[in-house]
Amino acid sequence: MNFKGKIVIITGASSGIGKAMAHEFARRGANLVLAARQYVALCEIADNLEKEYSIQAVAVQCDVSVEEDCKHLIDQALLTFKKVDILINNAGISMRALFKDADISVLKKLMDVNFWGTVYCTKYAMPHILKTQGSIVGVSSIAGYKGLPGRTGYSASKFAMNGFLDSLRVENLKTGVHVMTACPGFTASNIRNTALTKDGSQQSESSMDEDKMMSAEEVAKIIADGVEGRKRTLIMTGQGKLTVLLTKLLPSFLDGMVYNVFAKEKDALLK
């Protein structure tokens with residue numbers, strides 16, 4: 001796919017993987033509709049992208065957990081560009097708390113953003129992507145294949161996202177619409193810094209060694225290549241591919257492996 005002149009909507013575009021994808025798609029010639037809650041930062045990013053890459057970029061303030069915001073996002077894309085070619089559902093939040101300690105509102109928030117945000121944006125973009133035979137992308141996680149301790153809400157939301165996209169893909173096998181699930185490994189971004197604790201407050205500091213993780217820029221390039229090649233699923237690391245394989249072949253063994261990994265994280269929740 002040649003991205004020149006394509007209209008790409010990216011949610012969660014004000015930082016991390018979303019911001020890196022905005023740069024990657026702009027570099028390849030796409031025009032952008034960028035969505036996030038942080039409107040001032042988003043406007044600055046859009047302005048910089050237009051100057052650097054000579055493309056058009058529109059910033060739209062959007063909380064994807066609010067259905068009306070998602071409708072407004074798609075409406076603004078159509079008002080500006082008259083069509084939608086690619087929707088990248090990237091907005092997401094994480095959590096870090098054992099289920100026994102977590103307020104139920106924390107899990108609900110994870111589902112509202114990660115799952116329902118994907119559903120809302122996809123629902124309103126779908127008629128227009130059918131016209132362009134474009135792409136719908138969900139930025140999921142290996143946590144959508146294997147439940148992670150202390151991340152019950154996060155894993156649940158990503159399992160739900162994976163199931164939704166899988167069903168959508170099958171529904172559209174004959175329509176020309178491309179549906180891709182992208183699962184990065186642990187990525188150096190602010191998602192762990194903003195992860196919700198047991199009472200819903202942000203933890204502010206990552207519990208993991210960010211230096212050993214994929215960069216957001218690496219992830220963005222892989223996703224853009226995946227859209228270009230109309231890939232079905234992207235599992236981006238060897239560790240991720242092994243995890244997916246072991247969920248099928250040796251699930252009990254994998255349980256123990258995952259437990260041991262998370263028992264060693266900084267300020268471990270598992271004692």
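Our subject is the structure listed above.
The structure displayed is predicted, hence computed values, not measured ones.

Caption draft 1: Examining the sheet that holds strand E6 (residues 178–183) more closely. If you trace the seven strands from one edge of the open sheet to the other, you get E3-E2-E1-E4-E5-E6-E9, paired in parallel fashion. Because the sheet does not close on itself, it has two edges, and the strands there are strand E3 (57–61) and strand E9 (233–235). Each neighbouring strand pair of the sheet contributes to a mean axis angle of 15°, computed without reference to strand direction. Across five bridges, the pairing between strand E1 (residues 7–11) and strand E2 (residues 31–36) is parallel. Within the sheet, the bridge partner assigned to Val-8 lies in E2 and is Leu-32. Of the strands in this sheet, E2 and E3 touch helix H2 (residues 39–53), which is tilted by about 175° from E3. On the sheet, helix H4 (residues 104–132) packs against E1, strand E4 (86–89) and strand E5 (135–139) and is oriented at approximately 175° with respect to E4.

Caption draft 2: Region of the structure containing the packing of aromatic side chains. The final tally for this structure, using the stated rule, is four aromatic pairs. Between Phe-115 and Trp-116, the ring centres sit 5.1 Å apart and the planes meet at 65°, which makes this aromatic pair edge-to-face. Phe-115 sits in the buried class, given a relative accessible area of 15%. Cluster of aromatic residues (ring-pair linked, three or more members): Phe-115, Trp-116, Tyr-120 and Phe-164.

Caption draft 3: Broad picture of helix H7 (residues 238–249). The end-to-end C-alpha distance of H7 is 16 Å, a good match for the 16 Å that 12 residues give at a rise of 1.5 Å each. Residues of H7 that are buried include every one of Gly-240, Thr-243, Val-244 and Leu-246, and no others. Seen along its axis, H7 keeps its buried residues to an arc of 165°; they face one direction. Relative to its buried face, H7 has exposed residues pointing more than 90 degrees away, namely Gly-238, Lys-241, Lys-248 and Leu-249.

Caption draft 4: Broad picture of the state of the cysteines. With the rule as written, the count across this model stands at zero disulfides. No disulfide involves Cys-70; its sulfur sits 3.5 Å from that of Cys-121, the nearest cysteine. Its relative accessible area of 0% is what places Cys-70 among the buried residues. Cys-121 supplies the cysteine sulfur nearest to Cys-183, a cysteine that is in no disulfide, at a spacing of 18 Å. Given the relative accessible area of 0%, Cys-183 is considered buried.

Caption draft 5: Up close: a nonpolar patch on the surface. A cluster of nonpolar residues, Leu-242, Leu-245, Leu-249, Leu-250, Phe-253 and Met-257, forms a patch on the protein surface that exposes about 570 Å² of accessible area. Counting residues per element, the ones that place at least two in the nonpolar patch are H7 and helix H8 (251–263). The element best represented in the nonpolar patch is H7, accounting for three residues. Tracing the backbone through its elements, the reader meets Leu-250 in the loop between H7 and H8.

Caption draft 6: The arrangement of the packing of helix H1 (residues 16–27) against H2 in detail. Contact pair H1 / H2: the axes reach a minimum separation of 10 Å and the direction vectors enclose 25°. Between H1 and H2, the crossing angle belongs to the class labelled roughly parallel. As for the relative orientation of H1 and H2, their crossing is right-handed in sense. Taking contact as the criterion, the partners of Lys-19, Ala-22, His-23, Ala-26 and Arg-27 in H1 are, on H2, Ile-45, Leu-49, Glu-52 and Tyr-53.

Caption draft 7: Just the nonpolar core, in detail. Counting 45 residues, the largest nonpolar core has Ile-9, Val-33, Leu-73 and Met-95 as the members making the most contacts within it. Of all the elements in the fold, those that place two or more residues in this core are E1, E2, helix H3 (67–81), H4, helix H5 (152–171) and H8. Element by element, the count of residues in this core is highest for H4, at nine residues. In this structure, Met-95 is in contact with Ala-102, Val-106, Leu-107, Leu-110, Gly-150, Arg-151, Thr-152, Gly-153, Tyr-154, Ala-195 and Leu-196, ignoring residues within four places of it in sequence. In this structure, Ala-30, Ala-46, Ala-57 and Ile-88 belong to the second largest nonpolar core, which totals 36 residues.

What counts and what doesn't
Residues numbered from 1 in each chain as written. Predicted model: local features only at pLDDT ≥ 70, side-chain atom pairs only at ≥ 80, totals over all residues. Heavy atoms only, no water. Pairing = 2+ DSSP bridges. Helix = DSSP H or I, 4+ residues; strand = E, 2+ residues; numbered from the N terminus. Axes fitted to C-alpha atoms, helices over the stretch in contact; angles between N-to-C directions. Contact = heavy atoms within 4.5 Å. Phe/Tyr/Trp six-rings, centres within 6.5 Å; stacked < 30°, edge-to-face > 60°. Buried < 20%, exposed > 50% of the residue type's maximum accessible area, 1.4 Å probe, protein only. Expected span 1.5 Å × (residues − 1). Arc of directions from axis to C-beta. Disulfide = S-S within 2.5 Å. Patch = residues over 30% accessible without salt bridge, like charges linked within 9 Å, V, L, I, M, F, W, Y side chains within 5 Å. Areas by Shrake-Rupley, 256 points an atom, 1.4 Å probe, with all protein chains shown as cover. Salt bridge = Lys/Arg side-chain N within 4 Å of Asp/Glu carboxyl O. Parallel < 35°, antiparallel > 145°, perpendicular 65-115°, else oblique. Left-handed = near helix turned anticlockwise from the far one by under 90°. Core = buried A, V, L, I, M, F, W, Y, C linked by side-chain atoms within 4.5 Å.

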